[in-house]
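Chain by chain, the residues:
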Amino acid sequence: MRFLKGHGTENDFVILPDPDDGVEVTAALVAKICDRRAGIGADGVLRVARTKEHTEVAEQAAVADWFMDYRNADGSVAEMCGNGVRVFARYLVDAGLVEGTEFCLATRGGPRRVRVEPNGDITVDMGKPAVLGESVAGVGGHEYPGLHVDMGNPHLACAIGDPVVQLDLSHQPGFDTGVFPAGVNIELFNPVGVSRVVMRVYERGSGETRSCGTGAVATAVAAAHMSGDTTGTWTVEVTGGSLTVILDEDTSYLSGPAVILASGELMLAE
């Protein structure tokens, strides 16, 4: 099985090209691939499939030829992944599977339009965030109130007074399972200037990652909410680099670097 390895602000993924829909991606196989000692190591797996071949996204085939079949590191299926979309798009461009600098991709969270910027960055239209109320995350014996933001996947973005660099995110933070029955991605952030935040994230199914694209947008939404805004351009500093989030009245955009690092033959078996 051929694979590639890429990352977006060090949120890293193994890419499995499967245009003929011949690869059976089980949870056990994904977990082995993502294992950082016994596998290749990644925050998740991106299977490259034709949209028209998959009933769950077949209605998107009219606008998107390629479907990002995304799995978390533990093998669980995820609706969306912002950095994953950007790395997926980088692969399609480099492989010559799309034409032009703007095109649409299918995801379980709905179609996403992407654009290749002149400097090589990848920008994705993330859709309009849905603010669904407030909830609380628990970390290290502290409770942090935050904003429940849906980006096609669930987020709880919490502005905290404690420095995020000092947090212990080696374990799943606590959250209200009544509000988030399917789990939640938890962002903890410090505002550090005008329209600028520093963020860390614990992703469901993957643990702490060095970046999260949907989480960066959710964080920008929560930061804007604190100041009574719904629009603006935000810089989100993550452990693996820097992302730009643009919020307008109708949608949101995520922009940053996405690179392919390596390719090879996968010889793992379940």
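In case you missed it, the structure is sitting above this.
Here we summarise the structure given alongside this text. This is a predicted model, so every value here is computed, not measured. (Residues numbered from 1 in each chain as written. Predicted model: local features only at pLDDT ≥ 70, side-chain atom pairs only at ≥ 80, totals over all residues. Heavy atoms only, no water.)

## Observations regarding helix α2 (residues 82-94)
Part 1: Helix length check: α2 (13 residues) gives 19 Å between terminal C-alpha atoms against 18 Å at 1.5 Å per residue, within 8%.
Part 2: Burial analysis of α2 places 11 of its 13 residues in the buried class, the great majority of the element.
Part 3: Buried within α2 we find G82, N83, G84, V85, R86, V87, F88, A89, R90, Y91 and L92.
Part 4: Of the residues one or two after α2, G96 is the one with positive phi, at around 70°. (Helix = DSSP H or I, 4+ residues; strand = E, 2+ residues; numbered from the N terminus. Expected span 1.5 Å × (residues − 1). Buried < 20%, exposed > 50% of the residue type's maximum accessible area, 1.4 Å probe, protein only.)

## Structural notes on helix α3 (residues 213-226)
Part 1: In a regular helix each residue adds 1.5 Å, so 14 residues correspond to 20 Å; α3 covers 20 Å between its end C-alpha atoms and thus fits that length.
Part 2: Burial in α3 covers these residues: G213, T214, G215, A216, V217, A218, T219, A220, V221, A222, A223 and A224.
Part 3: At the exit of α3 stands G228, carrying a positive phi of roughly 80°.

## Details of the environment of P129
Part 1: Of note, P129 is situated in the loop between β7 (122-125) and β8 (130-139).
Part 2: The spatial distance from the C-alpha of P129 to the C-alpha of F88 is 21 Å, given a sequence separation of 41 residues.
Part 3: Sequence-distant contacts of P129, defined by excluding residues within four places in its chain, comprise V149, D150, M151, V217, V221 and S252. (Contact = heavy atoms within 4.5 Å.)

## Concerning the layout of surface pockets
Part 1: Counted as a void, the largest pocket has a volume near 200 Å³.
Part 2: Around the largest pocket, the lining residues are K128, P129, V131, L147, V221, A224, H225, D229, T230, L247, D248 and E249.
Part 3: It is α3 that provides the largest number of residues to the lining of the largest pocket, a total of three residues.
Part 4: In terms of residue class, the lining of the largest pocket is made up of six nonpolar, two polar and four charged. (1 Å grid on protein atoms, 1.4 Å probe; cavity = no way out; pocket = protein on both sides within 12 Å on 5 of 7 lines; lining within 4 Å. Points joined across faces, edges and corners; volume = space filled by probe spheres on them. Nonpolar A, V, L, I, M, F, W, Y, C, P; charged D, E, K, R; others polar.)

## Things to note about the nonpolar core
Part 1: In this structure, L92 and V245 are the most contacted members of the largest nonpolar core, which totals 50 residues.
Part 2: Of all the elements, α3 adds the most residues to this core, at eight residues.
Part 3: Not counting chain neighbours up to four residues away, the residues in contact with L92 comprise V48, W66, L97, V98, F103 and L105. (Core = buried A, V, L, I, M, F, W, Y, C linked by side-chain atoms within 4.5 Å.)

## Some remarks on the side chain of S211
Part 1: Within the fold, S211 resides in the loop between β13 (207-209) and α3.
Part 2: Of note is the side chain of S211, whose polar atom sits 2.9 Å from the side chain of N83.
Part 3: Beyond its immediate chain neighbours, meaning those up to four positions away, S211 contacts G8, T9, N11, N83, V201, E203, V238 and L243. (Polar contact = N/O pair within 3.5 Å; in protein donor to acceptor, adjacent residues only side chain to side chain.)

## Quick notes on the side chain of K5
Part 1: With respect to the helices, strands and loops of the structure, K5 is situated in strand β1 (residues 2-8).
Part 2: Its relative accessible area of 15% is what places K5 among the buried residues.
Part 3: Within the structure, K5 has its side chain in polar contact with the side chain of D12 (distance 3.3 Å).
Part 4: K5 has contacts with D12, F13, V14, I40, G41, A42, I260, L261 and A262, leaving out every residue within four places of it along the chain.

## Describing unusual backbone geometry
Part 1: With a phi close to 65°, E10 is a non-glycine residue in the positive phi region.
Part 2: Along the polypeptide, E10 turns up in the loop between β1 and β2 (11-17).
Part 3: Of note in the backbone geometry, S195 takes a positive phi value of approximately 55° without being a glycine.
Part 4: Considering the arrangement of structural elements, one finds S195 in the loop between β11 (185-193) and β12 (196-203).

## What to know about the packing of aromatic side chains
Part 1: What the rule picks out here adds up to two aromatic pairs.
Part 2: With centroids separated by 6.0 Å and ring planes inclined at 75°, the aromatic side chains of F13 and Y70 adopt a geometry described as edge-to-face. One end of the pair, F13, is in strand β2; the other, Y70, is in strand β4 (residues 66-72), and 57 residues separate them in sequence.
Part 3: A relative accessible area of 0% means that F13 is categorised as buried.
Part 4: Judged by its relative accessible area of 2%, Y70 is buried.
Part 5: Note on F175 and F180: the rings are 6.3 Å apart at their centroids and 70° apart in plane angle, and the pair reads as edge-to-face.
Part 6: Overall, the relative accessible area of 24% leaves F175 in the partly exposed class.
Part 7: We classify F180 as buried; its relative accessible area is 2%. (Phe/Tyr/Trp six-rings, centres within 6.5 Å; stacked < 30°, edge-to-face > 60°.)

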